[in-house]
Amino acid sequence: MTIKGSCHCKATTFEVSEAPETVTQCTCSFCSKRGSLWAYYTPSQFKLITPLKNVSFYEWGSKTVKHGFCANCGCGTFTETPDWSTGEPDFDNPKISVNSRLFDDFNLDKVEVVVIDGKNLW
């Protein structure tokens, strides 16, 4: 089941190959200010529909994660990140985390929210 998503102005559109089983709420300073609920995918499960030039990226701290946002309206859209499931960055297993709040016609109320303590982890 392909799910489409977009930023507020629709200058950045994307799709993912399936609905998330869970979404992640991270408590780090960046994610908590952004208010995203992250759904994680492999790069092959994510497709950016609009040109990459419509996306700007923000990197902070260790510069290991590229936080994408619409260059026009500013909505946080997706990140390019290594897998962090072991607590250390696995650059051989990249992930795309998608701001699931941007999914079109998708009911997030039915998806479990997992909270991670990013404020104290990194």
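Definitions and limits used
Residues numbered from 1 in each chain as written. Predicted model: local features only at pLDDT ≥ 70, side-chain atom pairs only at ≥ 80, totals over all residues. Heavy atoms only, no water. UniProt positions renumbered as here; feature names shortened; annotations may be inferred. Core = buried A, V, L, I, M, F, W, Y, C linked by side-chain atoms within 4.5 Å. Buried < 20%, exposed > 50% of the residue type's maximum accessible area, 1.4 Å probe, protein only. Helix = DSSP H or I, 4+ residues; strand = E, 2+ residues; numbered from the N terminus. Contact = heavy atoms within 4.5 Å. Phe/Tyr/Trp six-rings, centres within 6.5 Å; stacked < 30°, edge-to-face > 60°. Lys NZ or Arg CZ within 6 Å of the ring centre and 35° of its normal. Pairing = 2+ DSSP bridges.

Under the annotation held in an unreviewed UniProt entry, the protein chain carries the name GFA family protein and is attributed to Mesorhizobium japonicum. The record held by UniProt for the protein chain lists under Sequence similarities (unreviewed entry) the comment "Belongs to the Gfa family."

Ranked by size, the top nonpolar core spans 16 residues in total, and within it Val16, Phe46, Val98 and Phe103 carry the most contacts. Looking at this core, the elements with two or more residues in it are strand E2 (13-16), strand E4 (38-41) and strand E9 (90-99). Not counting residues up to four positions away in its chain, the partners in contact with Phe46 are Phe14, Glu15, Val16, Phe78, Ile96 and Val98. Membership of the second largest hydrophobic core comes to 5 residues, among which are Cys26, Cys28, Cys31 and Trp38.

A few words now on the environment of Leu52. Inspection of the secondary structure assignment puts Leu52 in the loop between strand E5 (46-48) and strand E6 (55-58). Sequence separation between Leu52 and Thr12 is 40 residues, and the spatial gap between their C-alpha atoms is 8.5 Å.

Here we take up the packing of aromatic side chains. For the structure shown, the criterion picks out 6 aromatic pairs. Ring centres of Phe103 and Phe106 lie 5.6 Å apart, and the angle between their planes is 85°; this geometry places the pair in the edge-to-face category. Connected via pairs of aromatic rings, a cluster forms that spans Phe14, Phe46, Phe57, Phe78, Phe103 and Phe106. It is Lys66 that lies over the ring of Phe57; its NZ or CZ is 4.5 Å from the centre.

All right, on to the side chain of Thr79 then. Relative to the assigned elements, Thr79 resides in strand E8 (residues 76-83). Residue class for Thr79 comes out buried when judged on its relative accessible area of 2%.

Moving on, we get to the pairing of strand E7 (residues 66-70). Strand direction decides the pairing type here: E6 and E7, joined by 4 bridges, are antiparallel. Across the sheet, the residue bridging to Ser56 is Phe69, located in E7. Strand direction decides the pairing type here: E7 and E8, joined by 3 bridges, are antiparallel. Within the sheet, the bridge partner assigned to Lys66 lies in E8 and is Glu80. The loop that links E7 with its antiparallel partner E8 comprises 5 residues; one of these, Gly74, has a positive phi angle of about 90°.

Attention now moves to the environment of Gly35. Considering the arrangement of structural elements, one finds Gly35 in the loop between helix H1 (29-34) and E4. C-alpha separation for the pair Gly35 and Lys63, spaced 28 residues apart in sequence, amounts to 20 Å.

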